[in-house]
Amino acid sequence: MISIVGYGSYVPKNRIKTSEIAKIWGKDPQNVERGLGVYEKSVPSLDEDTITIATAATKYALKRAGIDPEEIGAIYVGSESHPYVVKPSGTVVAAAIGCEGELKCADYEFACKAGTAAIQNVMGLIEGEYIKYGLAIGADTSQGAPGDALEYAASAGGAAFILSKKNKDSIATIEETLSYTTDTPDFWRREYQHYPQHGGRFTGEPAYFKHVGTATKMMMDRMSLNPDDLDYIVFHMPNAKFPVNMAKKLGFSTEQVTQGLVVSKIGNTYSGSSLLGLTAVLDVAKPGDKILMSSYGSGAGSDSFYITVDDAIEKKRDMCPKTWDMIDNKRYIDYATYTIYRKKILMR
Amino acid sequence: MSVPRFWREIPYRYRLIGSYCEKCNETFFPPREICPRCRRSGDIKDIKLEEEGEIFSYTVIRTAPPEFDVQTPYAIALIKLKNGPLIMSQLTDCEMDDVKIGKKVRMVFRKISEDGEAGIINYGYKFVLAE
Ligand SMILES: [Zn+2]
């Protein structure tokens, strides 16, 4: 069995309110807020990017894992906003934590599910005894074009997980993982394009709901689970409506979803989204609790994980800032500052 | 800054690796290859400095070089690291009114500069207020 031995999250401090963005584009702020269930979103500072967010989350994960960084045998960073098109993010993270040398390393891309894909790959390397510890990260500083519906939610944040074979330091054990994948053109960004394109209404039913729903049902069938066997449900959160409706469709209650529903206060952190939800759940879960997490990546696919919380969570969770505390530690910026922070205007 | 120079300086810029003279017990940052006190008889080793400290002194930059102009106002502080030397660093993610001598700070890993839109991105240490 493969376990999480360390986890860490990071959310930038800046927030912009949905109502502030709606005002600029002449939309009714309350309509937009209610429609998305997103009230504010995180914005990276000028000196933050996917690499710095990944590193911040990783340093907390290392602290909770209590291991020497040199024991990490693999680093995979999942993101759709790697700062370089050519030159990996993972090598910078490796240097920043001090584990360069004998190390497997690559960056992953699969829209918003690249981080969960990274976890699956690390699991395989540990199971195959190629490495003892592996680090999987999902982080993004995603952008929506000014005025596009995506602009209300596209945000920044990330989470990092250190995995190993199950031992006395296990925080949570991944009992099973599976994926459901099809070729579905719901969202894309071509090379040299600054902002992504999407298929409008096409993003809901045939994309998000079909893939997350199928992967989750496959997992519940495989593990013979009923909805009330689970304590916490985490789905990818492009907005608050989709995961809540998905849960309802599959027979889960709102209570099972609420703890992980970070999207309402920080927006859609893309590769960080479902993983930040998982960290928020681990921050409060008790040993023995059962968690089901299904990510979603446009293009499209969903990775589902069935997780049991272990005893070491009790002694490890207070070692680092908790996800909801980080979400509450914020400062608001206006739209003008936001355009400068996100380089939406040309400057000399 | 040139790419080779930045690359050589990665350990100290990314992880606060300084140097320590085992003979005179002095810690140096940026790291030294030869102890300035003991000279040839010194015994220099690498040391990982603490990532926490407090503000010893600071100045607020309101007129910056063009590259950093968008960040103004920002503070540059002399920081006394726990069990370590004084180091100079930019403070980030803070309001200028909250910056005070004696305040606790901790290290974060951030972008320091970019060589334009197409060049290398230089990363390294900055500090944030700890509370
Ligand atoms: Zn000396």
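All values reported here derive from a predicted model rather than from experimental measurement. (Residues numbered from 1 in each chain as written. Chains lettered and ligands numbered in written order. Predicted model: local features only at pLDDT ≥ 70, side-chain atom pairs only at ≥ 80, totals over all residues. Heavy atoms only, no water.)

1. Regarding the sheet that holds strand β14 (residues 331-332) of chain A
Residue and element names in this part refer to chain A.
- Reading across the sheet, the three strands line up as β3-β2-β14 and stay open at both edges, with mixed pairing between neighbours. Looking at which strands have only one partner, the edges of the open sheet turn out to be β3 (40-43) and β14.
- The sheet contact formed by strand β2 (residues 14-17) and β14 spans two bridges and is parallel. Across the sheet, Asn 14 pairs through a bridge with Arg 331, a residue of β14. (Pairing = 2+ DSSP bridges. Helix = DSSP H or I, 4+ residues; strand = E, 2+ residues; numbered from the N terminus.)

2. Things to note about a nonpolar patch on the surface
Residue and element names in this part refer to chain B.
- A surface patch of nonpolar side chains, about 370 Å² in accessible area, is lined by Phe 56, Leu 78, Leu 86 and Met 88.
- For Met 88, the position within the fold is in strand β6 (residues 86-90).
- Given a relative accessible area of 55%, Met 88 falls into the exposed group. (Patch = residues over 30% accessible without salt bridge, like charges linked within 9 Å, V, L, I, M, F, W, Y side chains within 5 Å. Areas by Shrake-Rupley, 256 points an atom, 1.4 Å probe, with all protein chains shown as cover. Salt bridge = Lys/Arg side-chain N within 4 Å of Asp/Glu carboxyl O. Buried < 20%, exposed > 50% of the residue type's maximum accessible area, 1.4 Å probe, protein only.)

3. Some details on the coordination of the zinc ion
Residues and elements named next belong to chain B.
- The protein atoms donating to the zinc ion are Cys 21 (SG), Cys 24 (SG), Cys 35 (SG) and Cys 38 (SG), with metal-donor distances spanning 2.2 to 2.3 Å.
- Bound by four donor atoms, the zinc ion shows angles of 104 to 118° at the metal and therefore tetrahedral coordination geometry.
- All donor residues of the zinc ion come from one chain, and their arrangement in sequence is C-x2-C-x10-C-x2-C.
- With a relative accessible area of 1%, Cys 35 lands in the buried category. (Donors = N, O, S within 2.8 Å, 3.2 Å for Na, K, Ca; no water. Tetrahedral: all angles 85-135°; square planar, octahedral: opposite > 155°, others 65-115°.)

4. Observations concerning the domain arrangement of chain A
Residues and elements named next belong to chain A.
- Taken domain by domain, chain A comprises domain 1 (2-170 + 321-341) and domain 2 (174-314).
- In this assembly, 61 residues from domain 1 lie in contact with 53 residues from domain 2.
- Carbon and sulfur atoms make up 62% of the area that domain 1 and domain 2 hide from each other, which totals about 4,300 Å².
- Summed over the three residues of domain 1 that lose the most area to domain 2, namely Tyr 7, Cys 112 and Trp 324, the buried surface amounts to 15% of that side.
- Between Asp 310 and Lys 166 there is a salt bridge, with its nearest N and O atoms 3.0 Å apart.
- In this structure, the connection of domain 1 to domain 2 is made through 25 residue pairs in polar contact (both at pLDDT 80 or more).
- In terms of residue class, the side of domain 1 that touches domain 2 is built from 28 nonpolar, 20 polar and 13 charged. (Domains from an automatic or database assignment. Contact = heavy atoms within 4.5 Å. Buried area = accessible area lost by both parts, 1.4 Å probe. Polar contact = N/O pair within 3.5 Å; in protein donor to acceptor, adjacent residues only side chain to side chain. Nonpolar A, V, L, I, M, F, W, Y, C, P; charged D, E, K, R; others polar.)

5. Some thoughts on the sheet that holds strand β5 (residues 104-108) of chain A
All names here are of chain A.
- One open sheet holds the nine strands; their spatial order is β5-β4-β6-β7-β1-β8-β13-β12-β11, and the pairing between them is mixed. In this open sheet, the two edge strands, each paired with only one partner strand, are β5 and β11 (232-235). Sheet twist, expressed as the mean angle between neighbouring strand axes with direction ignored, is 20°.
- Sheet strands touched by helix α4 (residues 90-97): β4 (72-78), β5 and β6 (133-141). Its angle to β4, the strand with the most contacts, is close to 135°.
- Against the sheet, helix α5 (residues 114-127) makes contact with β1 (2-10), β4, β5, β6, β7 (156-165), β8 (172-181), β12 (290-294) and β13 (301-309), and its axis sits at roughly 175° relative to β6, the strand it touches most. (Axes fitted to C-alpha atoms, helices over the stretch in contact; angles between N-to-C directions.)

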